[in-house]
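Structure at a glance
The lines below spell out each chain.
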Amino acid sequence: MSEPVLQVTGLHRTFGSVRAVDDVSFTLDAGASLGIVGESGSGKTTTARIIVGLEQADEGQVTVHGRARAGRARGKAERLARAREVQMVFQDPYLSLDPRTSVEAVLRETLRLHFPDTDHRARIRELLDQVGLGTRAADALPRRLSGGQRQRVAIARALAVEPAVLVLDEAVAALDVSVQAQVLNLLADIREQTGIGYLFITHDLGVVRCVTDEVVVMRHGRIVEAGPTAQVLDDPQHAYTALLLESVPRPGWDPDGIAAARRAL
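Note that the coordinates shown come from a computational prediction; the quantities given were computed from them, not determined experimentally. (Residues numbered from 1 in each chain as written. Predicted model: local features only at pLDDT ≥ 70, side-chain atom pairs only at ≥ 80, totals over all residues. Heavy atoms only, no water.)

Residues other than glycine seldom take positive phi values, yet Asp23 does so here, at roughly 60°. Note on placement: Asp23 falls in strand β2 (residues 18-28). Owing to a relative accessible area of 40%, Asp23 belongs among the partly exposed residues under this scheme. (Helix = DSSP H or I, 4+ residues; strand = E, 2+ residues; numbered from the N terminus. Buried < 20%, exposed > 50% of the residue type's maximum accessible area, 1.4 Å probe, protein only.)

See below:
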């Protein structure tokens, strides 16, 4: 069996008396898609930030292709090498893009840092085509683009370094439902074309069902349930997973009953 592209083992992270991440472990295979779900404060985003390198774990290990991402990177070369392993797409594409910088300049700067000897013009065209924008968007500033277009630019920038893992932290939460569907279809196509591994951080179980192969459910920093997405969502084995599913608004939805059940857990 091939080695996982991403392996997370025994992660712990505390902030004062709060255990934000408490003994979290999972693996992600190349070309696979894993969802991490839970309410605000469940630890899912802190876990993602540790994997990317924006936070340091108190204990535990993250490896990509068998190489440990331990401690802080030493020097520019090591920082760039780590960035090429794992990239992150954030929830708000407008905040993650420089409002004064055109789409082409954003991509060119990323390529200049990581691949100084390549043909940047050809690669920029390729990236814009890959995310469904085309070269007409190259000269645009972020404020001239729609939310969906800005998120496509953020995805293109992440893909520019050819990462093994793409972490998507609520990456479609700020988009209209129809635009969400377009971006999720785009991500599915990119995964099929490139074999990149996806790590979706989200509270949206509909997104998880559509785009992930496996899912991890977190509560209070710990994993309470994990397994194939369809199995976990159709036949939850933990009361918290069942509560998350019951919390999705639908006919007959009982928010008061759900709130009481949450307090009882």
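Another point: the sheet that holds strand β5 (residues 67-68). The strand order across the open sheet formed by 4 strands is β2-β1-β4-β5, and the pairing between neighbours is antiparallel. Each edge of the open sheet carries a strand with a single partner, namely β2 and β5. In this sheet, strand β4 (residues 59-64) lies alongside strand β1 (residues 6-15) in antiparallel orientation, the contact comprising 5 bridges. When the bridges of β4 are listed, Val8 appears paired with Val62. (Pairing = 2+ DSSP bridges.)

As a further point, take helix α1 (residues 44-52). α1 sits mainly inside the fold: 7 of its 9 residues count as buried. Buried within α1 are the following residues: Lys44, Thr46, Thr47, Ala48, Ile50, Ile51 and Val52. Directly beyond the C-terminal end of α1, a positive phi value near 110° is found at Gly53.

On to the layout of surface pockets. Size it by volume and the largest pocket reaches roughly 580 Å³. Around the largest pocket sit 25 residues that line it, and Val52, Leu54, Ala83, Val86 and Gln87 are the ones nearest its centre. The element contributing the most residues to the lining of the largest pocket is helix α4 (residues 103-114), with 5 residues. Of the residues in the lining of the largest pocket, the class split is 13 nonpolar, 6 polar and 6 charged. Forming the walls of the second largest pocket are Val37, Gly38, Glu39, Ser40, Lys44, Glu170, His203, Leu205, Leu244, Ser247, Val248 and Pro249. (1 Å grid on protein atoms, 1.4 Å probe; cavity = no way out; pocket = protein on both sides within 12 Å on 5 of 7 lines; lining within 4 Å. Points joined across faces, edges and corners; volume = space filled by probe spheres on them. Nonpolar A, V, L, I, M, F, W, Y, C, P; charged D, E, K, R; others polar.)

As a further point, take helix α7 (residues 177-194). Owing to its 3.6 residues per turn, the α-helix aligns residues three or four sequence positions apart on the same side. The end-to-end C-alpha distance of α7 is 26 Å, a good match for the 26 Å that 18 residues give at a rise of 1.5 Å each. All of the buried residues in α7 are Gln180, Val183, Leu184, Leu186, Leu187, Ile190 and Arg191. The buried residues of α7 occupy an angular sector of 155° when the element is viewed end-on, so they sit on one face. Exposed and oriented more than 90 degrees from the buried face of α7 are Asn185, Glu192 and Gln193. Structurally, α7 contributes buried residues whose contacts are with β3 (33-37), α5 (120-130), α6 (147-159), β7 (165-169), β8 (197-202) and α8 (205-211). With its phi angle positive at about 75°, Gly195 sits one or two positions after the end of α7. (Expected span 1.5 Å × (residues − 1). Arc of directions from axis to C-beta. Contact = heavy atoms within 4.5 Å.)

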